[in-house]
Structure formats: structure tokens, C-alpha cells
Amino acid sequence: MSEQKSSNQMWGGRFASGPDAIMEEINASIGFDKKLYSQDIRGSLAHAAMLAEKQIITMDDLNQITQGLNQILTEIENGEFTFSRRLEDIHMNIEARLAELIGEPAGRLHTARSRNDQVALDFRLWVKEEFEKTANALKNLIAAFLERAEEHSNTVMPGFTHLQTAQPVTFGHHCMAYVEMFGRDLSRVRDAIERMNESPLGAAALAGTGFPIDRHMTAEALGFKEPTRNSIDSVSDRDYALEFLSVASICAIHLSRLAEEIVIWSTSQFRFIRLSDAFSTGSSIMPQKKNPDAAELVRAKTGRINGSLISLLTVMKGLPLAYSKDMQEDKEAVFDAAETLELCLAAMSGMVRDMQINQDAMKLAAGSGYSTATDLADWLVRELGMPFREAHHVTGRAVALAEEKQLDLAQLSLAEIQSIHPDITDAVFDYLTVEKSVKSRQSFGGTAPHEVQRQITYWKERLKKA
């Protein structure tokens, strides 16, 4: 057996050509970083314009480079560009094609630049754009909740703690809880954009460059507030990617909590909502089934997004300054999480607008579990001047009596209630219905319908400025 054949068998399978094939497989990133093509070309156009402005390259070089890069952009967008694994990444693929198109001037484009600051720029631009997409998707979801909250500011439903009936609330108030959640997510997006709004272009490999470049010019041309202030950090920083994944993970958890409620609410035991066929599927064996698959998949995809965050945290945790090849593993996790989050946000916005609310079922459930017991205790404090702990005890006895007689609190007779405390009057019955309970919760941020409307008005105005 020849030495070459023995070597091939040792490497085996797809790596039959030996260690070179393994190195190409592990080193090449073009399979995923080609997604950065438009950001790479944008960065190169800005860099070339700056080089010409500073007379580092000629205007003729600039014109040829600009024409060539625009042609490459058109080729990629039209599906006419051939990506090569041999050229490793998006940067070298574009540079090689530029050399084919314009010759020697293509070699001047990389003056005062390294692939280290080039990829940092491309990725930062991509993440910044994805943050803006996420912001728009969150605004759409918040708007969907505001529509449902306004529609159902008076619709009574049970509020839960420990998934047990606690106190009556309105469905509008419950919707506004999610407005607050996703509003915080939107705030985190805006904060992260502000923090990452600096251009690393011009940091070169890690130490800057001796050429008389103008980093403020390229930063402005690329839509950044200013250039980064330390060349070492510029090429080794991936905080913006970690922040994207952190924001995505928190948002995904909020989406998953909502998805879980949709799953619960759509069961025959609850019957609070019904999803149309657009967001449900049937069973292959049970013809009566209608499954909330879209919500279940949103719930499941949270693990995928959270996993992406843990993956990149692990990649970055032990890297010395400045750039290391490990950082090539930063993109796939972010790309996948961004795509997944975008889909989940769109699906959830659709479900919120799609779901039909069963007001009768919600109202019936709102009165279960002695949900107005706290209202009785509050009445005793307010009308009889009773200390709350004593009122709590008296109310507990009333609930026990109602349970014994298999009645709701409001169904007890005045005589039965007075057997627990003689000073109680029939005025108490005005406070033992779920509607009166809800209307009484008038504290700022409470569930009273007019307070829910106040918060809806606030969020409508806030959303215009978000």
C-alpha cells in the first residue's frame, strides 16, 4: 500500500485528501460569513473614499475600486457571484473578485486596514442593523397588545399567583403587563445600539496604522457616532454581539412566558382564547384536536436562543487580547439567534392579533376560588376600622363557611356573614362581585379600567418616540 493511500485511509471520509482538507474545513468561514457581504462592501467603499481624500490612493484608484465593488454587490444580489472556500472568508472572496475586475488598484484597497478591523466593522454593522429590525418587530408586538388592551379594558378575567386564582383583573390589564415586558426589551435594544455606535475601522491589526487616515470620516460615512478609542479593544471586542444575544435571550423568555399562557388559555379546561387555523394544527389521529403549535414552537425556540448566548460567552471567556481565531465562532450563533427571534416576534404578533377572546369563560373563572376575598378584607378595614390582620382572619372564616356550604362569598346571606362578625352590613355585597373588585383597584398601575386606559394612552405616546 502506498504511503499516500495509507495517509488517506488514516484521515478517512470527507478528509480523504489529508490534513490540508481538515485545515480548509475548520478554517473557512465563507459558508456563513457571506451574510456580511453588503456590510463588507459598505466598509470598503468608505475606506477607499477616505484613502483618496487623504491622498493615500489616487482618485483614479478610488473610481475603479468603487465601480468594481458596486459590480460585485450587484453580482452577489443577483446570485451571479461564485463564493470559494479556498479563499476562506467574505473579505478575501470580494477582494479576489475585485482584483479580477480592476487589477492592480484592488491591491491598494487594503492599505491601512487589516482583516481584524474589517471583520469587526462588518459584524458590528450587521448587528446594529439587526438591532433596528428587532426594535421594529418589538414595536409591532407592543402595538398589537395595545390594540387588544384597549378592546378589553373592561373584560374581567382571573389574575393568578402560583397559577391559582388570586384576584380579578381585566384582560386589558393583563395585556399591558406584556407591553411593559416588551417595552423593557425595546429599551435594552436602544441602549445597546447607543453603546455599540462606534466604528472600529482603522484600528488595523491591533495597533492602529502609520498612514495618515481619518477615522472620524469613515465613522461618519458608515453611520457611527464616532470611532472607537482603543485599537486593541476595537479588534477584540464582541460585547455588542453578546449584548444582542443577551437582549434576544431575555426577550425570548418573555415570548416563552406568553406562549405558555396561550397554550394554557386555549385548552378546553380554560377556554379563554381560541386561535384560528392560521396558528394551529390538527392531529393526525384525533379529529377533534386543535393544537397551538405556533405558541409551542415559540416556547421551544427560547432554548435555542439561550444556547447561542451561552455558546458565545464560552468562546469569549478566556481569550487574551487582542484578536484570536476563536472569534470566528462568534457569527453563527448570532445569525441563528437573530433569525429565530425575528420569526418568533412575527409569530407572536400574529397570534396576539389573531386570538379570539372568550369573555364569558374569563368572567366565570374570575369569580372562582373566592377571588374577591381580599375585597371583603379591605371593606372590613375601610368601613369598620378593623386592623388588616384581624380582617384577614375574619375573611378566612367567611371563606371557610362559603366552602362548607358550597357557595361563592357573594351568595352567603347577610345573617351567615354576620354570624362571623355582627357589625358587617349588607353594603358589603356591593364589593363582592368581580366587576366591583376590578373597578376598586384604582391605584396607579392598577387593574381598574380607567387606569388601564391611562397606561394605554401613555404607551401609545411612548411608542411614537421609541
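Residues numbered from 1 in each chain as written. Predicted model: local features only at pLDDT ≥ 70, side-chain atom pairs only at ≥ 80, totals over all residues. Heavy atoms only, no water.

### Focus: the overall build of the chain
Next up, step 1: Of the regular secondary structure elements, the chain holds 19 helices and six strands.
Next up, step 2: Radius of gyration (C-alpha) of the chain: 31 Å, far over the 23 Å computed for a compact globule of 466 residues.
Next up, step 3: Its C-alpha atoms put the chain at 100 × 60 × 40 Å along the principal axes.
Next up, step 4: With 466 residues in all, the chain has 47% of them scored as buried.
Next up, step 5: Taking the contacts inside the chain whose residues are at least 6 apart along the sequence as the reference set, 74% of them involve residues at least 24 apart.
Next up, step 6: Accessible surface for the chain amounts to roughly 22700 Å². Of this, 50% is attributable to carbon and sulfur atoms.
Next up, step 7: Positive and negative charge centroids in the chain, built from 50 and 65 side chains respectively, lie 2 Å apart. (Helix = DSSP H or I, 4+ residues; strand = E, 2+ residues; numbered from the N terminus. Rg over C-alpha atoms; globule rule 2.2 N^0.38 Å. Buried < 20%, exposed > 50% of the residue type's maximum accessible area, 1.4 Å probe, protein only. Contact = heavy atoms within 4.5 Å. Areas by Shrake-Rupley, 256 points an atom, 1.4 Å probe, with all protein chains shown as cover. Lys, Arg positive; Asp, Glu negative; His and termini not counted. Charge placed at Lys NZ, Arg CZ, Asp CG, Glu CD.)

### So, the packing of aromatic side chains
The description of an aromatic ring pair rests on the distance of the ring centres and on the angle between the ring planes.
Next up, step 1: A complete count under the given rule lists 12 aromatic pairs for this structure.
Next up, step 2: For the pair Phe 123 and Phe 335, a centre-to-centre distance of 6.2 Å together with 90° between the ring planes defines the contact as edge-to-face. In this pair, Phe 123 sits in helix 7 (residues 115-151) while Phe 335 sits in helix 13 (residues 331-354), placing the two residues 212 residues apart along the sequence. Note on accessibility: Phe 123 and Phe 335 belong to one class, buried.
Next up, step 3: Relative to Phe 244, the ring of Phe 131 has its centre 5.1 Å away and its plane inclined at 65°; by these criteria the two rings are edge-to-face. You can see Phe 131 sitting in helix 7 and its partner Phe 244 sitting in helix 11 (residues 239-265), a full 113 residues away along the chain.
Next up, step 4: By relative accessible area, Phe 131 is classed as buried at 1%.
Next up, step 5: Here the guanidinium or amino end of Lys 35 rests over the ring plane of Phe 335, the centre of that ring lying 5.4 Å away. (Phe/Tyr/Trp six-rings, centres within 6.5 Å; stacked < 30°, edge-to-face > 60°. Lys NZ or Arg CZ within 6 Å of the ring centre and 35° of its normal.)

### Describing the environment of Leu 380
Next up, step 1: Tracing the backbone shows Leu 380 in helix 15 (residues 373-384).
Next up, step 2: On the accessibility criterion, Leu 380 (0% relative accessible area) is buried.
Next up, step 3: Through-space distance from the C-alpha of Leu 380 to that of Thr 155 is 27 Å; in sequence the pair is 225 residues apart.
Next up, step 4: The contacts of Leu 380, once residues within four sequence positions are left out, are Gly 385, Met 386, Ala 391, Val 394, Thr 395 and Ile 424.

### Some thoughts on the pairing of strand 2 (residues 164-170)
Next up, step 1: Sheet topology places strand 1 (residues 156-161) next to strand 2; six bridges connect them, and they run antiparallel. Paired with Pro 158 across the two strands is Pro 168, which belongs to strand 2.
Next up, step 2: Between strand 1 and strand 2, which pair antiparallel one after the other, the connecting turn spans two residues, and His 162 there sits at a positive phi close to 60°. (Pairing = 2+ DSSP bridges.)

### Observations concerning the side chain of Asp 61
Next up, step 1: Relative to the elements of secondary structure, Asp 61 occurs in helix 5 (residues 59-77).
Next up, step 2: Judged by relative accessible area, Asp 61 falls into the buried class, the value being 6%.
Next up, step 3: At 3.1 Å, the side chain of Asp 61 forms a polar contact with the side chain of Arg 108.
Next up, step 4: If we skip the residues at most four places from it in the chain, Asp 61 touches Pro 105 and Arg 108. (Polar contact = N/O pair within 3.5 Å; in protein donor to acceptor, adjacent residues only side chain to side chain.)

### Side note on the side chain of Asp 237
Next up, step 1: Position of Asp 237 relative to the elements: it lies in the loop between helix 10 (231-236) and helix 11.
Next up, step 2: Judged by relative accessible area, which is 12%, Asp 237 ranks as buried.
Next up, step 3: Reaching out from Asp 237, the side chain makes a polar contact with the side chain of Arg 124 at a distance of 2.8 Å.
Next up, step 4: When neighbours within four sequence positions are excluded, Asp 237 is seen to be in contact with Arg 124 and Met 327.

### Here's the deal with the environment of Leu 125
Next up, step 1: Mapping Leu 125 onto the fold places it in helix 7.
Next up, step 2: Leu 125 sits 326 residues away from Glu 451 along the chain, and the two C-alpha atoms are 42 Å apart.
Next up, step 3: Residues within four places of Leu 125 in sequence aside, it is in contact with Gln 39, Arg 42, Leu 222 and Phe 224.

### Looking at the nonpolar core
Next up, step 1: Counting 75 residues, the largest nonpolar core has Val 127, Phe 131, Phe 145, Phe 182, Leu 255, Val 334 and Met 348 as its most contacted members.
Next up, step 2: At the level of secondary structure, the elements contributing two or more residues to this core comprise helix 7, helix 8 (171-195), helix 11, helix 12 (293-316), helix 13, helix 14 (359-366) and helix 19 (449-465).
Next up, step 3: Looking at which element gives the most residues to this core, the answer is helix 11, with 16 residues.
Next up, step 4: Residues in contact with Phe 131, not counting those within four places in the same chain, are Val 189, Ala 192, Ile 193, Met 196, Tyr 240, Glu 243, Phe 244 and Val 247.
Next up, step 5: If you look at the next biggest cluster of nonpolar residues, it comprises 21 residues, including Ile 41, Ala 52, Ile 76 and Ala 106. (Core = buried A, V, L, I, M, F, W, Y, C linked by side-chain atoms within 4.5 Å.)

### A few points about helix 15
Next up, step 1: Taking 1.5 Å per residue as the helical rise, helix 15 with its 12 residues ought to reach 16 Å, and the 16 Å between its terminal C-alpha atoms agrees with that figure.
Next up, step 2: Buried within helix 15 we find Ala 373, Asp 375, Leu 376, Ala 377, Trp 379 and Leu 380.
Next up, step 3: Just past helix 15, the residue Gly 385 takes up positive phi, approximately 70°. (Expected span 1.5 Å × (residues − 1).)

### As for helix 4 (residues 37-53)
Next up, step 1: Relative to the 24 Å expected for 17 residues at 1.5 Å per residue, helix 4 spans 24 Å between its end C-alpha atoms, a close match to the ideal helical length.
Next up, step 2: Among the residues making up helix 4, those that are buried are Gln 39, Asp 40, Ile 41, Gly 43, Ser 44, Ala 46, His 47, Ala 48, Met 50, Leu 51 and Ala 52.
Next up, step 3: Those residues of helix 4 hidden inside the fold are in contact with helix 5, helix 6 (90-102), helix 7 and helix 9 (215-221).
Next up, step 4: Note on helix 4: the residue one or two positions beyond its end, Gln 55, has a positive phi of about 60°.

### Here's the deal with the packing of helix 8 against helix 11
Next up, step 1: One can describe the packing of helix 8 onto helix 11 by two numbers: an axis separation of 9 Å at closest approach and a directional angle of 165°. If you check the angle between helix 8 and helix 11, you find them roughly antiparallel. The chirality of how helix 8 crosses helix 11 is left-handed. Across the interface between the two elements, Phe 171, His 174, Tyr 178, Met 181, Phe 182, Arg 184, Asp 185, Arg 188, Val 189, Ala 192 and Arg 195 from helix 8 touch Glu 243, Val 247, Ile 250, Cys 251, His 254, Leu 255, Arg 257, Leu 258, Glu 261 and Trp 265 from helix 11.
Next up, step 2: Considered class by class, the residues forming the contact of helix 8 with helix 11 number 12 nonpolar, two polar and seven charged. (Axes fitted to C-alpha atoms, helices over the stretch in contact; angles between N-to-C directions. Parallel < 35°, antiparallel > 145°, perpendicular 65-115°, else oblique. Left-handed = near helix turned anticlockwise from the far one by under 90°. Nonpolar A, V, L, I, M, F, W, Y, C, P; charged D, E, K, R; others polar.)

### Structural notes on a nonpolar patch on the surface
Next up, step 1: A cluster of nonpolar side chains, contributed by Leu 206, Ile 232 and Leu 321, occupies part of the molecular surface with about 280 Å² of accessible area.
Next up, step 2: When you line up the elements, Leu 206 lands in the loop between strand 3 (198-199) and helix 9.
Next up, step 3: A residue is classified by how much of its surface remains accessible, and Leu 206, at 38% relative accessible area, is partly exposed. (Patch = residues over 30% accessible without salt bridge, like charges linked within 9 Å, V, L, I, M, F, W, Y side chains within 5 Å. Salt bridge = Lys/Arg side-chain N within 4 Å of Asp/Glu carboxyl O.)

### A word on the confidence of the model for the chain
Parts of the prediction with low pLDDT should not have their coordinates interpreted in detail.
Next up, step 1: Mean pLDDT for the chain: 91, with 94% of residues reaching 70 or above.
Next up, step 2: Within the model, the stretch residues 1-11 combines pLDDT values under 50 with eight contacts to residues more than four positions away or in other chains. (pLDDT = per-residue confidence, 0-100.)

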